[in-house]
Amino acid sequence: MDENVFSKVTELVIDKLEGGYYNPAWHKTGDSRYGTSGETMFGIDRKNGGSLNTSPAGLKFWSIIDANKTPDVWKWNYMGGALAGELKGLVAKMMLPAYESFSKSSMSPQLKAIVDNDPRLLFHFIYAAWNGPGWFAKFAKDLDTAYASGVKDSSGLVQAAINSRVTEGYEKGSPPNSLMEQGGRKIASFINDIPGLLTQGVEAGAQAITDTAQKSADKIKNNPKTVIALLAIIIAGSALLLTLLNKKKHGIKLQ
């Protein structure tokens, strides 16, 4: 799994579903379903997160939070302010090994190849890594079953992925789990927008590079040697961005 792709999709999971900070000592939800939750940021539960929290990225993640959190600033659902980018990057590093481990134990190589190359299905399964190995395995089995039954097109597999969240619980034929159903319906409302959202991120990066280059050129335009070096950097950066945008246009795949 490409780490850059995983990081981009993980950030979407956080922004669309997981939200920000929660501390049971500071905040009251009024929702009994969260009664066992510990201190949580971007869906990473400090009490119940297990090995995620003891990984190098997890230890750094919580140390940054501990060094900066205060009750007056870190309100319920606070997204980290200036620390948000670094914290999201650490979450991606925490979740990638879990995703790879769950995929290896639950998915056929054929299914994993399909998932890794469709950002909608990748979003579904990266979020499933937050749900835990049992739910991940259930969702993988449901998609394998759909594929084996003849559902080969991406749109059909995406619908099968949504159905496995909203139509039944953990056991086959059981009533839907309320939190899974809630999340599944929310995912359904934007899942087909995910390729475009990722493309926007690449295009925003291209514009940022262009703006920065223009400002730098304005400052150093009287130094010919520096201008030549800057132009070389701009050309190389533009070539990389055009490659990414072309891949997005023709295959959605970000690698």
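One can find the structure itself at the top, above this paragraph.
A few words on the nonpolar core. By size, the foremost hydrophobic cluster in this structure holds 60 residues, and its most contacted members are F61 and F125. Among the elements that line this core, the one with the most residues is helix α4 (residues 84–106), at ten residues. In this view, F61 contacts M41, F42, I44, L87, L90, V91 and M94; residues no more than four positions away in its chain are not counted.

Attention now goes to helix α3 (residues 56–68). Between its first and last C-alpha atoms α3 spans 19 Å; for 13 residues at 1.5 Å apiece the expected length is 18 Å, and the two agree. In the core, the buried residues of α3 are packed alongside β1 (40–41), β2 (44–45), α2 (51–54) and α4.

Here the focus is the layout of surface pockets. Its boundaries defined by the atoms lining it, the second largest pocket holds a volume of some 190 Å³. If you go around the second largest pocket, the residues you meet are G134, K138, K141, D142, T145, E168, Y170, E171 and K172. When the residues that make up the lining of the second largest pocket are grouped by side-chain class, the tally is one nonpolar, two polar and six charged.

Under the counting rule described, the total for this entry stands at 13 salt bridges. For K60, the salt bridge identified is with E86, shortest N-O distance 3.9 Å. Here E86 lies in helix α4 and K60 lies in helix α3, a separation of 26 residues in the sequence. You can call E86 partly exposed: its relative accessible area is 40%. A salt bridge links K138 to D142; the nearest nitrogen and oxygen atoms lie 2.7 Å apart. With K138 and D142 both in helix α7 (residues 133–148), this residue pair falls four residues apart, about one helical turn.

Conventions adopted
Residues numbered from 1 in each chain as written. Predicted model: local features only at pLDDT ≥ 70, side-chain atom pairs only at ≥ 80, totals over all residues. Heavy atoms only, no water. Core = buried A, V, L, I, M, F, W, Y, C linked by side-chain atoms within 4.5 Å. Buried < 20%, exposed > 50% of the residue type's maximum accessible area, 1.4 Å probe, protein only. Helix = DSSP H or I, 4+ residues; strand = E, 2+ residues; numbered from the N terminus. Contact = heavy atoms within 4.5 Å. Expected span 1.5 Å × (residues − 1). 1 Å grid on protein atoms, 1.4 Å probe; cavity = no way out; pocket = protein on both sides within 12 Å on 5 of 7 lines; lining within 4 Å. Points joined across faces, edges and corners; volume = space filled by probe spheres on them. Nonpolar A, V, L, I, M, F, W, Y, C, P; charged D, E, K, R; others polar. Salt bridge = Lys/Arg side-chain N within 4 Å of Asp/Glu carboxyl O.

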